[in-house]
Amino acid sequence: MKKTLILGASTNPSRYSNKAANMLRKHGHDIVNIGLSGGEVAGVPIEKKGDIHSDIDTVTMYLGEPNQKEYYNYILDTRPKRIIFNPGAENAELEQLAMENGIKTERACTLVLLSTGQF
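Computed from a prediction, not measured in an experiment: that's the story for all the values here.

Chemist: Pulling in residues and values, what's your account of helix 3 (residues 92-100)?
Modeler: Listed in full, the buried residues belonging to helix 3 are Leu94, Glu95 and Ala98. Here the buried residues of helix 3 occupy an arc of 105 degrees about the axis, which is enough to place them on one side. Exposed residues on helix 3 whose side chains face more than 90 degrees from its buried face are Ala92, Met99 and Glu100. Near the N-terminus of helix 3, the side chain that reaches the backbone nitrogen of Glu93, with its oxygen 3.0 Å away, is that of Asn91. Positive backbone phi, approximately 75 degrees, marks Gly102, located one or two places after helix 3.

In C-alpha cells form, the structure reads like this:
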C-alpha cells in the first residue's frame, strides 16, 4: 500500500480530493490530508502544512498551479516517490523541481488510477 498525502483536502463531498481520500482508504491506502480547513475526510483529520511526513510514497495534487508555490518546499522536504498532478493541477515548474530532486511526476487522475488498478 502507498501512503498518500492529499494536497488540497476538503470536507466537501463533491470535491475530487474528498472522493480520492475515500477511494484511497477503500483500497487500503493510508492517507494524510493537507488543507486549509479543519475537519476530517475518510476518518483522517485535515492538517495544515507544518509537520513533515517522511513516510509518504505519493503526493496527489488537488491545488491549482497558483496555489501550489507556497507548498513547494513542503513537498520537496517530504521526499515522496512521486507526485500525481490531477486534472487542473498541472504545473511545469513544480514538475521540473520534482524531477531535479529525484521525484517522479505523473499527470493523471487519482480516481481513474485507483479504478483501473494502476495506482
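Chemist: Let's hear about the sheet that holds strand 6 (residues 82-85): which residues, and what values?
Modeler: Read across the open sheet, the seven strands follow the order 3-4-2-1-5-6-7; overall the sheet is mixed. Edge positions in the sheet fall to strand 3 (40-41) and strand 7 (104-107), since each has one partner strand and no second. Note: strand 1 (residues 4-7) against strand 2 (residues 31-34), four bridges, orientation parallel. Of the residues in strand 2, the one forming a bridge with Ile6 is Asn33.

Cut-offs applied
- Residues numbered from 1 in each chain as written.
- Predicted model: local features only at pLDDT ≥ 70, side-chain atom pairs only at ≥ 80, totals over all residues.
- Heavy atoms only, no water.
- Buried < 20%, exposed > 50% of the residue type's maximum accessible area, 1.4 Å probe, protein only.
- Helix = DSSP H or I, 4+ residues; strand = E, 2+ residues; numbered from the N terminus.
- Arc of directions from axis to C-beta.
- Polar contact = N/O pair within 3.5 Å; in protein donor to acceptor, adjacent residues only side chain to side chain.
- Pairing = 2+ DSSP bridges.

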